[in-house]
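# Fold and contact review
Chain by chain, the residues run as shown.
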Amino acid sequence: MKFFIDTANLAQIKEAHDMGILDGVTTNPSLMAKEGITGQENVINHYKAICEITDGDVSAEVIAVTFNEIVAEGEALAKLHPKIVVKVPMIKEGVKAIKYFTSKGIRTNCTLIFSAGQALLAAKAGATYVSPFIGRLDDISTDGVALIKDIKTIYTNYGYKTQILAASVRHPMHILQCALVGADVITAPLSAIAALLKHPLTDSGLAQFLADHDKAEAAAKVLA
Ligand code: E4P
């Protein structure tokens, strides 16, 4: 399973990259705004900076909502760097644009997916990735991971190549549940990824190993 980090924060992207487990980055307009990135030139430079840090794909989302504008914006984003994947919303004009981008060899991430039907449409249009938002579904008492499972079944039934990129991942259990049902990719905040590291028995076990080692070394020095 690939791990993407869901942020536009360069320090966090670098930290995840330095851990050696980062496969890519996803951003959205809210995440860019959170980092105070505004204005076309700053936005472009920020995407380029993200591409310089990571080895993998970088999803850059269009703001446009009409076919012609999505195509123009997406083509400009795709030209910025070979790692850029154009993120397009699951709307009628977006599906049409994904079909167009596919025919031109431009990779896409169909975002704001909340149903298996939407994921089926995105795959038919040839999306490279589809982003079901599992946390936002959980927020409204709907099982987000069950959606990933349904999409996996549908894509397997028909051999769709579109990769399931589980988004709106909020905590380490989401990551594990997505792995169990076969998501191709998860995108999560650094906190959720880093939380996978933690187990109290690891911490206490390591403390014991180090203490035993120190004790043995001290005893050996006394005898020497
Ligand atoms: C990813 O591509 C999405 O934009 C993101 O995961 C949304 O997450 P949120 O529901 O925590 O805002």
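Reading guide: rules and limits
Residues numbered from 1 in each chain as written. Predicted model: local features only at pLDDT ≥ 70, side-chain atom pairs only at ≥ 80, totals over all residues. Core = buried A, V, L, I, M, F, W, Y, C linked by C-beta atoms within 7 Å. Buried ≥ 20, exposed ≤ 12 C-beta atoms within 10 Å, placed from the backbone. Helix = DSSP H or I, 4+ residues; strand = E, 2+ residues; numbered from the N terminus. Contact = placed C-beta atoms within 7 Å. Near = placed C-beta within 6 Å. Nonpolar A, V, L, I, M, F, W, Y, C, P; charged D, E, K, R; others polar. Axes fitted to C-alpha atoms, helices over the stretch in contact; angles between N-to-C directions. Parallel < 35°, antiparallel > 145°, perpendicular 65-115°, else oblique. Expected span 1.5 Å × (residues − 1). UniProt positions renumbered as here; feature names shortened; annotations may be inferred. Pairing = 2+ DSSP bridges. pLDDT = per-residue confidence, 0-100. Right-handed = clockwise from strand over helix to strand, strands pointing away.

Ranked by internal contacts, the top residues of the largest apolar core, which has 53 residues, are Val86, Ile98, Ala122, Val130, Ile148, Ala166 and Val169. If one sorts the elements of this core by residue count, helix H8 (residues 144–158) sits on top with 5 residues. Ignoring anything within four residues of it in the chain, the contact list for isoleucine 148 reads Pro132, Ile134, Ile164, Ala166, Cys178, Val181 and Ala183.

Another point: the site of the ligand. What surrounds the ligand is the set Asp6, Thr26, Asn28, Thr111, Ser131, Phe133, Gly135, Arg136, Ala167, Ser168 and Thr187. Its residues assigned to classes, the shell around the ligand shows 2 nonpolar, 7 polar and 2 charged.

A word on the packing of helix H5 (residues 92–103) against helix H6 (residues 116–125). When two helices pack together, their arrangement is given by the angle between the helix axes and the distance between those axes. One can describe the packing of H5 onto H6 by two numbers: an axis separation of 8 Å at closest approach and a directional angle of 30°. Judged by the angle between their axes, H5 and H6 are roughly parallel. Here Val95, Ile98, Lys99 and Thr102 of H5 come into contact with H6, specifically with Leu121, Ala122 and Ala125. Looking at side-chain class alone, the contact of H5 with H6 contains 5 nonpolar, 1 polar and 1 charged residues.

The first and last C-alpha atoms of helix H11 (residues 200–223) sit 35 Å apart over 24 residues, in line with the 34 Å expected at 1.5 Å per residue. Across the 24 residues of H11, 0 count as buried, placing the element largely on the outside.

Right, let's talk about the UniProt feature "active site" (unreviewed entry) in the chain for a bit. Look at the UniProt record and you will see "active site" (unreviewed entry) annotated at Lys87. Tracing the sequence through the fold places lysine 87 in strand S4 (residues 84–89). Lysine 87 gets classed as buried once you count the C-beta atoms within 10 Å, which come to 24. What lysine 87 contacts, discounting residues up to four positions off in sequence, is Ser59, Ala60, Glu61, Val62, Asn109 and Thr111.

If you trace the 8 strands once around the closed barrel, you get S1-S2-S3-S4-S5-S6-S7-S8, paired in parallel fashion. Taken over all neighbouring pairs, the strand axes of this sheet differ in orientation by 30° on average, direction set aside. In the sheet, strand S6 (residues 129–132) pairs with strand S7 (residues 163–166) via 2 bridges, with the strands oriented parallel. The partner of valine 130 across the bridge, within S7, is isoleucine 164. Contacts between helix H3 (residues 40–53) and the sheet are confined to strand S2 (24–26), strand S3 (57–61) and S4, with S3 contributing the most and set at about 165° to the helix.

Moving on: the confidence of the model for the chain. Residues of the chain with pLDDT of at least 70 account for 100%, and the chain-wide mean is 97. This prediction of the complex comes with two scores: 0.95 for pTM and 0.97 for ipTM.

Our next topic: the pairing of S4. Of all the 6 residues making up S4, 6 are buried; the element is thus mostly covered by neighbouring parts of the structure. Where burial is concerned, the two faces of S4 agree: the one with Ile84, Val86 and Val88 and the one with Val85, Lys87 and Pro89 are both buried. Relative to S4, S3 is paired through 4 bridges, and the arrangement is parallel. Following the sheet pairing, glutamate 61 is matched in S4 by lysine 87. Following the backbone out of S3, through helix H4 (residues 67–80) and into the adjacent parallel S4, one traces a crossover that is right-handed. Regarding the hand of the β-α-β motif, the stretch spanning S4, H5 and strand S5 (residues 108–113) is right-handed.

The subject of this paragraph is unusual backbone geometry. The backbone phi angle of leucine 112 is positive, close to 65°, even though this residue is not glycine. Classification of leucine 112 as partly exposed rests on a count of 19 C-beta atoms within 10 Å.

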